[in-house]
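Observations on the three-dimensional arrangement
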Amino acid sequence: MYVGRRMTANPITVSPEDTVVRAGHLLKKHRIHHLPVVQREELAGIVTDTDIRNTTLEEPPVDSRGEVLVQARKVGEIMTRDVVTMNPWDTIEDALLILHGRRFGALPVVEGRKLVGIITKADILAAFIDTLRIEGVGGVRIEVILPRDPSFLLRLIQTLGDMKIEIRSLVLSPFRDEFAAFLRIGTINVANVKTRLREAGFKVPELADFLG
Amino acid sequence: MAQRKENPLFGKMTFAHPLPQQKIEEGFAILIGENRLFGAELNPDIIKKEGEKRKFLVSRLPSRKKLISRWSRLFRDLVSPADFFELVSPKFQELEHRENILLVGKDRVIYDTQIFHGSEPVGEMTLFFHSVMNRNLGLLAYLRGERLRIVYIDHIRLLEQTSGYASALFRYYEKLFHDIGFHQFRLSASLSVGKYYWAKEGFDCSDRDAFRRMKEGLREFVKERGLPVEEIDINRLQRACDIASFRRDLKVPAYRNPEGYYALDEDEEHRDRQMFPLGKAFLLSSKPWDGYKIIYTNTPKKTGLIYSPEYLNHRPRTGHPENRRRLSKLLEAIRKDDLQGSLVFLEPYLPEMRFLEMVHPAGYLDAFRNGVRSGGKTFATVDCSISEASYDVALLAAGGVMAGVDAVLNGRVENIFCAVRPPGHHAGRESAMGFCFLNNVAVGALYARGVYGVQKIFILDWDVHHGNGTQEIFEEDPLTFFCSIHEHPTFCFPGTGRRMERGKGEGYGTTLNLPVKPHTADREFLDLFEREIIPEIETFRPDLIMVSAGFDAHRDDPIADLELTERSFVHMTQRIGEMADRYCQGRIVSVLEGGYNGSSLTSSAIAHLKTLQGRS
């Protein structure tokens, strides 16, 4: 789960000398929200659609004859220079915690000062969809409540293994003083699996009983 | 004789309302006065001599009370005895019935006549009119007269040159007996109006095994003579009438004996060589067979049923939900119901590989065959449990839908339900899962397009699971609309079928997924059906509607979490029936998918069938 594996490499960039209008057009054209600003192959800052929106709300600068100068404003004037960056070998969890904690939408990824990619909230969501196998054919989610004793988890997996049920993903998370196991299993006959698990003494909540 | 009308007023008569008892009594009185009405009794001597055949002797007339009650039970007082007598003895092509009498037995009315051309006798005929209980209908239905009414052609003999007469007479009879409410003709096709003739007129073998033997005989004959006939063409024959019209282009000899009977081989007796089309020659020389023809179903639509006992031979491991009892119970229930007399039963055939390959690559089909032939216990996933015959049965399931498409597009039936297994809608081009190996509906749809040129096909999948296989096959095809309504993928197998899946490329917009939350019941489900599915059908204007009809969204079904009752299946069937009437001449090919509680599967499928027949 490293950032380098999930980031978008070679992202679309602008230079500090580009106009704000050009930056805006790039965002629109590529349906993205963040543009790393690069000068001489080095990361100089980041400009986002929020920065551009805020610019339009400011009193526009005027020239000596009183004419509006919006057209002429440069990316270098509005970009954020103090950028939080990641390295390709940082983990997805690091990126997730920063994005969540600082309420960022994306983080440039650098090696030294050289820009190598960008990682966004969408990339992190994609990583979760893949990890949990939410998309794709053949898996059904079931939930099992387990005491916080690893032997129960072992027995759960053993029970499913005996039934030759394929486990496609398994997430274990604390739930009150127990564990909630979220499994995706590869069988159509879920009802039978649930019955067998209950017979084996596991707590299998009814649909929608648990965590909404 | 004088007081009776010369010509039957058949054209003006209707049989919609029972007559007052007085009219019935008058009718009897006329016949008694003319000395044409008698009692009938079984003759035990003849029964002994002739085996199963039931022969009757003329006997004393039963009491007036018995006459009235027996007549009423069989004819529901819709026609008076004198009128009936007149209607059943019409004059055609200068041939007329004479020395004809009506006999009233305990359980049947018998019409017996000689047929004359001028003063010359040219034949004779005996008809039995009787009814049989539709098993399981109960006493009340029996008393209401809900029985299967049968005209049994007990005997007919005609001079050869009068065979055009038989055609005219039986076409007339078919209309007459239909209007009086008789359901079937039956006969033993061994008599001098020949075995070929009855098949050509649409009679089929009463016994499916007899038909299979007939087909087997044809196959052997073709093989023996090295005739240029494809095995696959023989496999597709489903009824005796298919054989009658089989390979009209291919003439083969048959040998006639002096009595007018034919054989395929020349011998001492059969020496007169004549050339006939293959099917005709074969039937002329065939062994006698018992036949029937449905002349009337009391259902507004003619509905077919595809089934073969071979479907029971796919045997997943013990305890597997997709087991043979699903179908054996359903068929048992159909046989006990009045569906037995009103459905058109048709058989599946083994399809040519090229039709399967329109959906599944040859490599996948090979892998499946090898998986089964090598004695594997499962194929691809643990759900797809297999047995020795699984490959052949899966082929026959796809061929069942093809046979259903044939029947609907040839107009043999208006709509059809294919009671096949294993199911198919989870099977993708190259993947088996969720009890499915071959995508039966997809094969049927592409067969309908490839062979019959059907353009736009609307596939409605109301199985409780998303039809991911069918979606995968058609998601880029703008001419095949795939619409699936199912339990939400967050809670239910196979985890696909979210609303945002709308198709791909050119097919974007002709895929529609309607996931519903667990515990959804009839009302909410049908609201969604009306709000979202009906308008899509109206916009799409299909040329054929196919249904992936799983019945596992029923509240008694153990496999998932919806709470539907039969009501939902009836409602949806009724509405797609209306859509089919509006856009595609009523053509619906419905195919069984899931449904794992024996009794709710049976009751839902029967409700579906009856609604397909147009019954409320």
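Computed from a predicted model, the values in this text were never measured in an experiment.

1. Focus on the overall build of chain A
The helix and strand tally for chain A stands at 8 helices and 8 strands. Over its C-alpha trace chain A gives a radius of gyration of 25 Å, far above what one expects of a compact globule, namely 17 Å for 212 residues. Seen through its C-alpha atoms, chain A measures out along the principal axes to roughly 85 × 35 × 35 Å. Counting the 212 residues in chain A, one finds 39% classified as buried. A separation of at least 24 residues holds for 60% of the contacts in chain A among residues at least 6 apart in sequence. When the accessible surface of chain A is summed, it comes to about 12600 Å², and 52% of that surface belongs to carbon and sulfur atoms.

2. Here we look at the overall build of chain B
The helix and strand tally for chain B stands at 21 helices and 20 strands. Relative to the globule expectation of 25 Å for 616 residues, the C-alpha radius of gyration of chain B, 27 Å, shows essentially globular dimensions. In the structure as shown, chain B presents an accessible area of about 25700 Å², 48% of it carried by carbon and sulfur atoms. A gap of 4 Å separates the mean positions of the 83 positive and 84 negative side-chain charges of chain B.

3. Things to note about the environment of A553 of chain B
All names here are of chain B. Positionally, A553 belongs in the loop between β19 (544-549) and α20 (566-583). For the pair A553 and D522, spaced 31 residues apart in sequence, the C-alpha separation works out to 10.0 Å. For A553, the residues in contact, after removing those within four places along its chain, are V464, L562, E563 and L564.

4. Looking at the interface of chain A and chain B
In this complex, chain A contributes 16 residues to the contact, which on the side of chain B involves 23 residues. Here chain A packs against chain B, burying approximately 1500 Å² in sum over the two surfaces, 62% of which is carbon and sulfur. In this structure, the connection of chain A to chain B is made through 3 residue pairs in polar contact (both at pLDDT 80 or more). Residues that form the side of chain A that touches chain B fall into these classes: 7 nonpolar, 6 polar and 3 charged.

5. Here we look at the sheet that holds strand β9 (residues 251-256) of chain B
In a beta sheet, neighbouring strands are held together by backbone hydrogen bonds and run either parallel or antiparallel to one another. Residue and element names in this part refer to chain B. Pairing is antiparallel across the open sheet formed by 3 strands, whose spatial order is β10-β9-β11. Taken across any chain shown, the strands that pair with only one partner, and hence form the sheet edges, are β10 (262-263) and β11 (272-277). As paired strands, β9 and β10 are joined by 2 bridges and run antiparallel to one another. Across the sheet, R256 pairs through a bridge with Y262, a residue of β10.

6. Some thoughts on the pairing of strand β7 (residues 184-189) of chain B
All names here are of chain B. Across the 6 residues that make up β7, a large majority, 5, are buried. Sheet topology note: the strand β6 (residues 147-158)/β7 ladder contains 4 bridges and is parallel. Residue I153 lies in a different strand from β7, and its bridge partner there is L187. Bridge count for β7 against strand β12 (residues 289-294) is 6 bridges, and the pairing is antiparallel. Bridge pairing in β12 links R186 to Y292.

7. Some details on the sheet that holds strand β17 (residues 480-487) of chain B
Residue and element names in this part refer to chain B. The strand order across the open sheet built from 8 strands is β14-β13-β15-β20-β19-β16-β17-β18, with neighbouring strands paired in parallel fashion. Edge positions in the open sheet fall to β14 (344-346) and β18 (511-516), since each of these has one partner strand only. Strand-to-strand twist in this sheet, taken as the mean axis angle between neighbours without regard to direction, amounts to 15°. Against the sheet, helix α16 (residues 390-409) engages β13 (303-306), β14, β15 (415-418), β19 and β20 (588-592), with an angle of about 170° to β15.

8. Some remarks on the nonpolar core
Residues and elements named next belong to chain B. Residues L305, I334, F417 and V589 are the most contacted members of the largest nonpolar core, which totals 128 residues. Looking at this core, the element that brings in the most residues is α16, giving 14 residues. Setting aside anything within four residues of it in sequence, one finds V589 in contact with V401, G404, V405, V408, I416, C418, L544, I545, M546 and V547. Of all hydrophobic cores here, the second largest spans 75 residues; its members include F170, F203, F276 and L284.

9. Looking at helix α21 (residues 598-612) of chain B
Residue and element names in this part refer to chain B. The terminal C-alpha atoms of α21 lie 21 Å apart, and with 15 residues this matches the ideal 21 Å at 1.5 Å per residue to within 8%. With 12 of 15 residues buried, α21 is to be regarded as a mostly interior element. G598, S600, L601, T602, S604, A605, I606, A607, H608, L609, T611 and L612 are the residues of α21 that are buried. The distance from a side-chain oxygen at the start of α21 to the backbone nitrogen of S599 is 2.9 Å, and the residue carrying that oxygen is N597.

10. Here's the deal with a negative patch on the surface
Judged by side-chain charge, E259, E266, D267, E268 and E269 of chain B come together as a negatively charged surface patch. Looking at the element boundaries, E266 of chain B is found in the loop between β10 and β11.

11. Details of helix α7 (residues 150-162) of chain A
Residues and elements named next belong to chain A. Look at α7: 18 Å from first C-alpha to last across 13 residues, which is about the 18 Å you get at 1.5 Å a residue. Those residues of α7 that fall on the buried side of the exposure criterion are L156, T159 and L160. Down the axis of α7, the smallest arc covering the buried residues is 95°, so these residues share one side. Counted as exposed and oriented over 90 degrees from the buried face of α7: P150, L154 and D162. Tucked inside the fold, the buried residues of α7 contact β6 (140-147), β7 (167-175), β8 (178-185) and α8 (190-199). Two residues or fewer after α7 comes K164, characterised by a positive phi angle close to 60°.

12. A short note on the state of the cysteines
All names here are of chain B. Per the counting criterion, the structure on display carries 0 disulfides over all chains. Counting only cysteine sulfurs, C436 is the nearest neighbor of C492, a cysteine outside any disulfide, at a range of 13 Å. Judged by relative accessible area, C492 falls into the buried class, the value being 4%.

13. Concerning the confidence of the model for chain B
Residue and element names in this part refer to chain B. Per-residue pLDDT for chain B averages 89, and the proportion of residues at 70 or more is 92%. Overall, residues 1-10 carries pLDDT values under 50, and its contacts beyond four positions in sequence, including any with other chains, amount to 19 contacts. Model confidence for the complex: the whole-complex pTM is 0.73, and ipTM, which rates the interface, is 0.82.

14. Details of the pairing of β17 of chain B
All names here are of chain B. Extensive coverage of β17 is indicated by the burial of 8 of its 8 residues. Strand direction decides the pairing type here: strand β16 (residues 457-461) and β17, joined by 5 bridges, are parallel. Each residue of the ladder has a partner; that of I459, found in β17, is F482. Following the chain from β16 across helix α18 (residues 468-474) to the adjacent parallel β17, one finds a crossover that is right-handed. Judged from the 6 bridges that link them, β17 and β18 form a sheet pairing that is parallel. If you follow F482 over to β18, its bridge partner there is T511.

15. Comments concerning the pattern of salt bridges
For side chains bearing opposite charge, pairing can occur when the charged atoms are close. All names here are of chain B. In this structure the tally under the stated criterion is 39 salt bridges over all chains. With a closest N to O distance of 3.1 Å, R219 and E231 form a salt bridge. With R219 in helix α8 (residues 208-225) and E231 in helix α9 (residues 231-235), this pair connects stretches of sequence that are 12 residues apart. Among the residues examined, E231 registers a relative accessible area of 44% and is labelled partly exposed.

The rules we used
- Residues numbered from 1 in each chain as written.
- Chains lettered and ligands numbered in written order.
- Predicted model: local features only at pLDDT ≥ 70, side-chain atom pairs only at ≥ 80, totals over all residues.
- Heavy atoms only, no water.
- Helix = DSSP H or I, 4+ residues; strand = E, 2+ residues; numbered from the N terminus.
- Rg over C-alpha atoms; globule rule 2.2 N^0.38 Å.
- Buried < 20%, exposed > 50% of the residue type's maximum accessible area, 1.4 Å probe, protein only.
- Contact = heavy atoms within 4.5 Å.
- Areas by Shrake-Rupley, 256 points an atom, 1.4 Å probe, with all protein chains shown as cover.
- Lys, Arg positive; Asp, Glu negative; His and termini not counted.
- Charge placed at Lys NZ, Arg CZ, Asp CG, Glu CD.
- Buried area = accessible area lost by both parts, 1.4 Å probe.
- Polar contact = N/O pair within 3.5 Å; in protein donor to acceptor, adjacent residues only side chain to side chain.
- Nonpolar A, V, L, I, M, F, W, Y, C, P; charged D, E, K, R; others polar.
- Pairing = 2+ DSSP bridges.
- Axes fitted to C-alpha atoms, helices over the stretch in contact; angles between N-to-C directions.
- Core = buried A, V, L, I, M, F, W, Y, C linked by side-chain atoms within 4.5 Å.
- Expected span 1.5 Å × (residues − 1).
- Patch = residues over 30% accessible without salt bridge, like charges linked within 9 Å, V, L, I, M, F, W, Y side chains within 5 Å.
- Salt bridge = Lys/Arg side-chain N within 4 Å of Asp/Glu carboxyl O.
- Arc of directions from axis to C-beta.
- Disulfide = S-S within 2.5 Å.
- pLDDT = per-residue confidence, 0-100.
- Right-handed = clockwise from strand over helix to strand, strands pointing away.

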